[in-house]
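If you want the building blocks of each chain, they are given just below.
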Amino acid sequence: MIPYCSSDSHIERTEKVCRMTIENYRLFTARDIPDLGEKTHVLTGSAWPEFMLQDPLANEYFGRLYVEFPYYQFVLMHPETEEIIALGNSIPLAWDRPAEELPDEGWDWAIAQGFRDREAGLTPTVQCALQVVVKDGWQGNGLSASMVRTMKSIGRRVGLSALIAPVRPNRKCDYPLTPMERYVHWRRDDGLPFDPWMRVHARLGAEVIRPCMRAMYIPGTIADWESWTGMTFPDSGRYVIPKALVPIDIDRDRDQGLYVEPNVWMRHPLNE
Ligand SMILES: CC(C)(COP(=O)(O)OP(=O)(O)OC[C@H]1O[C@@H](n2cnc3c(N)ncnc32)[C@H](O)[C@@H]1OP(=O)(O)O)[C@@H](O)C(=O)NCCC(=O)NCCS
C-alpha cells in the first residue's frame, strides 16, 4: 500500500526529491518546513485575483494540505536569501476509473476527494495538481516547467500512475466569451495548445482529457462581488470581470453573484 503520509520508505523516496536543486534553487517540501502553509500564504494570495481566493472548498481544505499531505507541497527557495521563488501543491487520490470519467467539478472535487479518500483509508493511485505559482519578478524564465517536472517526480517516486490536473488555462481570461470546449482545442501552427499554461503541460507529456465545466464554484452576495472586483453591478445579468475565464452571473433579486469556473482535465502518465 502506498502510504498517505509517513512511512519510512515513503519518506526516504520523497527525500531524494527534496535534496535536488533546480536551476540553482533549493527544493523543500512541507516535511522540511512545517510552517510552509503560513510561509507561502502571501505568495498564494498575490498570485490570484481576489475572487479566486473565495472558493469555499479551497478555504476549507487548502491549509490542511501542508499538514496532512506534506510531501506533496513543495517550494523552490533562493539559496542565499531564502526567498521562496515558487510553490507547487498537489494531492494524492484513489481514482481507478478511466480518465474520461473525471468529474466536471474538477479542482473542487479533487481537493475534497483527497481528504475523503484519506479518511476512508483508501490507497491512492494518482496525484492531482492543485496549484503552481511562480513569484512575480521570477516569472518568464521557464521555472513553471521545472515545477511541474518536480511535481511529477514526487508522484512517480511514491508509485502513483499519473499526474492529473484540472488545468486553469491562463490566457482564457482574454477570451471570456469563447466556450471552454472550443478554447481548449485552439492550436498554434506548431501543433501545441494556444494557451501558454496548457502548453507547459503538453510539452511535458500531458494529454487533454476534457473540459471540467464546474471546476470551481464561487458564490457571494452582490456586496461581496463588488468588493472582490471593484465593479458595481446595478442590474441582474452576466458580467465580464477582469481575470475571470467566463462571465459571472448576478441576480439582484436573490442578492447573489455566482462564478462557475471551467478548467480542463489534462493527464501526465507517470509510469512510462
Ligand atoms: C502560470 C505561471 C505558473 C507560469 O510561470 P512562469 O515560470 O512564469 O512561466 P514560464 O516562464 O515557464 O512560461 C510558460 C509559458 O507561459 C508563457 N507566459 C509566461 N508568463 C505569462 C503570462 N503572464 N501571460 C501569458 N503567458 C505567459 C510563456 O511565454 C511560456 O509560453 P511559451 O514558452 O510556450 O511561449 C505563473 O505565471 C504564475 O504563477 N501565475 C499565477 C498563478 C497561475 O496562474 N498558476 C497556474 C495555474 S495553477
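Everything numeric here is computed off the predicted structure, so don't read it as measured data. (Residues numbered from 1 in each chain as written. Predicted model: local features only at pLDDT ≥ 70, side-chain atom pairs only at ≥ 80, totals over all residues. Heavy atoms only, no water.)

Chemist: Looking at this model, I keep getting lost on the layout of surface pockets. Mind explaining?
Modeler: Where empty space is left in the structure can be found by rolling a water-sized probe over the atoms. Each pocket or cavity is described by its volume, and for the second largest pocket that value is around 170 Å³. Lining the second largest pocket are 16 residues, with Arg-238, Val-246, Pro-247, Val-260 and Pro-262 positioned closest to its centre. When residues of the lining of the second largest pocket are traced back to their parent elements, those giving at least two are α7 (180-183), β9 (248-251) and β10 (256-269). The element best represented in the lining of the second largest pocket is β10, accounting for 4 residues. For the lining of the second largest pocket, the residue count by class is 12 nonpolar, 1 polar and 3 charged. Viewed by domain, the lining of the second largest pocket spans two of them, domain 1 (8-214 + 263-269) and domain 2 (218-260), each represented by three or more residues. (1 Å grid on protein atoms, 1.4 Å probe; cavity = no way out; pocket = protein on both sides within 12 Å on 5 of 7 lines; lining within 4 Å. Points joined across faces, edges and corners; volume = space filled by probe spheres on them. Helix = DSSP H or I, 4+ residues; strand = E, 2+ residues; numbered from the N terminus. Nonpolar A, V, L, I, M, F, W, Y, C, P; charged D, E, K, R; others polar. Domains from an automatic or database assignment.)

Chemist: Help me understand the packing of aromatic side chains in this model?
Modeler: Aromatic ring pairs are reported here in terms of the distance separating the ring centres and the angle at which the planes meet. Taken as a whole and judged by the stated rule, the model has 17 aromatic pairs. Relative to Phe-115, the ring of Phe-69 lies with its centre 5.1 Å away and its plane at 70 degrees, an arrangement referred to as edge-to-face. Of this pair, Phe-69 sits in the loop between α4 (56-68) and β3 (73-77) while Phe-115 sits in helix α5 (residues 106-119), and the two are 46 residues apart along the sequence. Taken as a pair, Phe-69 and Phe-115 share a single burial class, namely buried. (Phe/Tyr/Trp six-rings, centres within 6.5 Å; stacked < 30°, edge-to-face > 60°. Buried < 20%, exposed > 50% of the residue type's maximum accessible area, 1.4 Å probe, protein only.)

Chemist: In this structure, what is going on with the nonpolar core? I would like to understand it.
Modeler: Here is a general trend for soluble globular proteins: nonpolar side chains tend to be buried in one another's company. Leu-65, Leu-76, Trp-225 and Tyr-259 are the most contacted members of the largest nonpolar core, which totals 86 residues. Of all the elements, strand β5 (residues 126-134) adds the most residues to this core, at 7 residues. In terms of domain composition, this core takes at least three residues from each of domain 1 (8-214 + 263-269) and domain 2 (218-260). Ignoring sequence-local partners within four residues, the contact set of Tyr-259 consists of Phe-51, Met-52, Arg-168, Met-216, Tyr-217, Ile-218, Trp-225, Ala-244, Leu-245, Val-246, Pro-247 and Ile-248. (Core = buried A, V, L, I, M, F, W, Y, C linked by side-chain atoms within 4.5 Å. Contact = heavy atoms within 4.5 Å.)

Nothing here speaks to function; it is all geometry.
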